[in-house]
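Summary of the model geometry
Here are the chains, one letter per residue:
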Amino acid sequence: VAVVTGSEASTEGTRPDVQHCVDLYAGLAERACRDENARLVALPEIALQWNIPGHPYDHAVDVPGPETDRFAQIARAHSAVIVVGLHERTAGAVYNSAVVIGSDGQIAGVYRKVHLASTEAMSGVLPGEGFPVMDTGVGRVGCIICMDSSAAESARMVGLNGADFLVLPIMGDHRASVWKPGSPRLDEDRWRCIQRTRAMDNQLCMVVARNRGLGSCIIDRSGEVLAYNDGSQDLIVADVAREDGYRKWNGGCFRQVNWRQRRPHLNG
């Protein structure tokens, strides 16, 4: 599994256009597949439009389209699954989406961000209406995006829908900022705590792609941090076992117990 973001230093400043972003992230995705043998590759939130000046409607792209086709070629050539964050235009509407491209180069599914940031909602970006999980060559992949993480139900729905991997393209998390007046600053201890809890509570592997690189991580369902970007790396990679063998001390499966003990009729 790979998370491709660019390093913290390389992500500073504005970007000229969508093609620039496509070239940047396609190069990193190709490198992850070719050099690291990655079979699941995650890009950050709205990676194809991030830091481009203008309104979300100005730079949104069709799905499928020439931009996703570039990643489809890489996916097909390396038998990899690639998750691309972008502003998606469809029928006159724009969504903040994560496009899951299967290892055959076909689009396995699209997740549209359900819980929008207030600035997105005011700009006219529309929310999605569900939490699909896609069958892929590496397992079942679900997504949430940025503000979705603040609502515990988002990751829970992805888990309940049977995901092995939860891919989270994200710019930041208000709970993981230093809780003091002034500009937000990432509190890495809080950040790790949030991502590890999501993995354990929902018994899935978290694949977290933060736009500035720092804090991007891969965490298995036991809560172990397998890879972490300290901000200096363009990409991180970790091996995740499909059959990980995580079982309770009495022989039962943690994932099985996680869902069996629920009493959803009592949950508000």
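Before reading on, note that the structure itself is shown above.
Basis of the calculations
- Residues numbered from 1 in each chain as written.
- Predicted model: local features only at pLDDT ≥ 70, side-chain atom pairs only at ≥ 80, totals over all residues.
- Heavy atoms only, no water.
- Helix = DSSP H or I, 4+ residues; strand = E, 2+ residues; numbered from the N terminus.
- Rg over C-alpha atoms; globule rule 2.2 N^0.38 Å.
- Contact = heavy atoms within 4.5 Å.
- Areas by Shrake-Rupley, 256 points an atom, 1.4 Å probe, with all protein chains shown as cover.
- Lys, Arg positive; Asp, Glu negative; His and termini not counted.
- Charge placed at Lys NZ, Arg CZ, Asp CG, Glu CD.
- Buried < 20%, exposed > 50% of the residue type's maximum accessible area, 1.4 Å probe, protein only.
- Phe/Tyr/Trp six-rings, centres within 6.5 Å; stacked < 30°, edge-to-face > 60°.
- Lys NZ or Arg CZ within 6 Å of the ring centre and 35° of its normal.
- Polar contact = N/O pair within 3.5 Å; in protein donor to acceptor, adjacent residues only side chain to side chain.
- Salt bridge = Lys/Arg side-chain N within 4 Å of Asp/Glu carboxyl O.
- Pairing = 2+ DSSP bridges.
- Axes fitted to C-alpha atoms, helices over the stretch in contact; angles between N-to-C directions.

Helices and strands together make up the secondary structure of the chain, namely seven helices and twelve strands. Computed over C-alpha atoms, the radius of gyration of the chain comes to 18 Å, within 12% of the 18 Å expected from 2.2 N^0.38 for 268 residues, which places it in the range of a compact globule. Long-range pairs, those at least 24 residues apart, make up 61% of the contacts in the chain between residues at least 6 apart in sequence. With an accessible surface of roughly 12100 Å², the chain has 49% of that area assigned to carbon and sulfur atoms. Between the mean site of the 28 positive side-chain charges and the mean site of the 32 negative ones, the chain shows a separation of 7 Å.

Another point: the environment of Glu243. If you trace the backbone, Glu243 turns up in the loop between strand 12 (235-237) and helix 7 (254-260). Residue Glu243 is classed as exposed on the basis of its relative accessible area, which comes to 75%. Between the C-alpha atoms of Glu243 and Ser222, which are 21 residues apart in sequence, the distance is 13 Å.

Enumeration according to the criterion identifies one aromatic pair in this entry. Ring geometry for Tyr111 and Phe131: centres 5.9 Å apart, planes at 25°, overall stacked. Note that Tyr111 is positioned in strand 5 (residues 107-112) and Phe131 in the loop between helix 4 (118-123) and strand 6 (133-136), a separation of 20 residues in sequence. In this structure, Tyr111 and Phe131 share a single accessibility class: buried. Against the face of Tyr95 rests Arg112, its NZ or CZ located 4.2 Å from the ring centre. Above the ring of Trp191, the side-chain terminus of Arg210 is found at 5.7 Å from the ring centroid.

Our next topic: the environment of His55. Turning to its location among the elements, His55 is positioned in the loop between strand 2 (40-42) and helix 2 (56-59). Accessibility expressed as a relative area gives 31% for His55, which makes it partly exposed. Along the chain, His55 and Asp173 lie 118 residues apart, while their C-alpha atoms are 22 Å from each other. At 3.0 Å, the side chain of His55 and the backbone nitrogen of Tyr57 are in polar contact. Engagement of the side chain of His55 in a polar contact is seen with the backbone oxygen of Ser123, the distance being 2.9 Å.

What follows covers the pattern of salt bridges. Enumeration over the complete set of coordinates arrives at 13 salt bridges. Taking the shortest distance from any N to any O, the salt bridge between Asp35 and Arg34 comes out at 2.9 Å. A salt bridge links Asp173 to Arg175; the shortest N-O distance between them is 2.6 Å. Bridged by salt links that share partners, the residues Glu45, Lys113 and Glu120 form one connected network.

On to the sheet that holds strand 6, then. An order of 6-7-8-9-10-11 is seen for the six strands of this open sheet, with the pairing classed as mixed. Each of the sheet's edge strands pairs with one partner strand only, and the pair in question is strand 6 and strand 11 (225-228). In this sheet, adjacent strand axes meet at a mean angle of 20° when their direction is disregarded. Across three bridges, strand 10 (residues 217-219) lies against strand 11 in antiparallel orientation.

Attention now goes to the environment of Ile107. You can see Ile107 is positioned in strand 5. On the accessibility criterion, Ile107 (33% relative accessible area) is partly exposed. Along the backbone, Ile107 and Ala29 are 78 residues apart, and their C-alpha atoms lie at a distance of 16 Å. Once residues lying within four places of it in the same chain are set aside, the contact partners of Ile107 are Val63, Pro64, Val99, Val100 and Ile101.

Strand order in the open sheet formed by six strands is 5-4-3-2-1-12, and the pairing between neighbours is mixed. For this open sheet the edge positions go to strand 5 and strand 12, each flanked by a neighbour on one side alone. Recorded for the sheet is a direction-independent mean angle of 25° between the axes of neighbouring strands. Across nine bridges, strand 3 (residues 81-90) lies against strand 4 (residues 93-101) in antiparallel orientation. Looking at strand 4, one finds that Gly85 is bridged to Ala98. Across the face of the sheet, helix 3 (residues 66-78) comes into contact with strand 3 and strand 4 while running at roughly 165° to strand 3.

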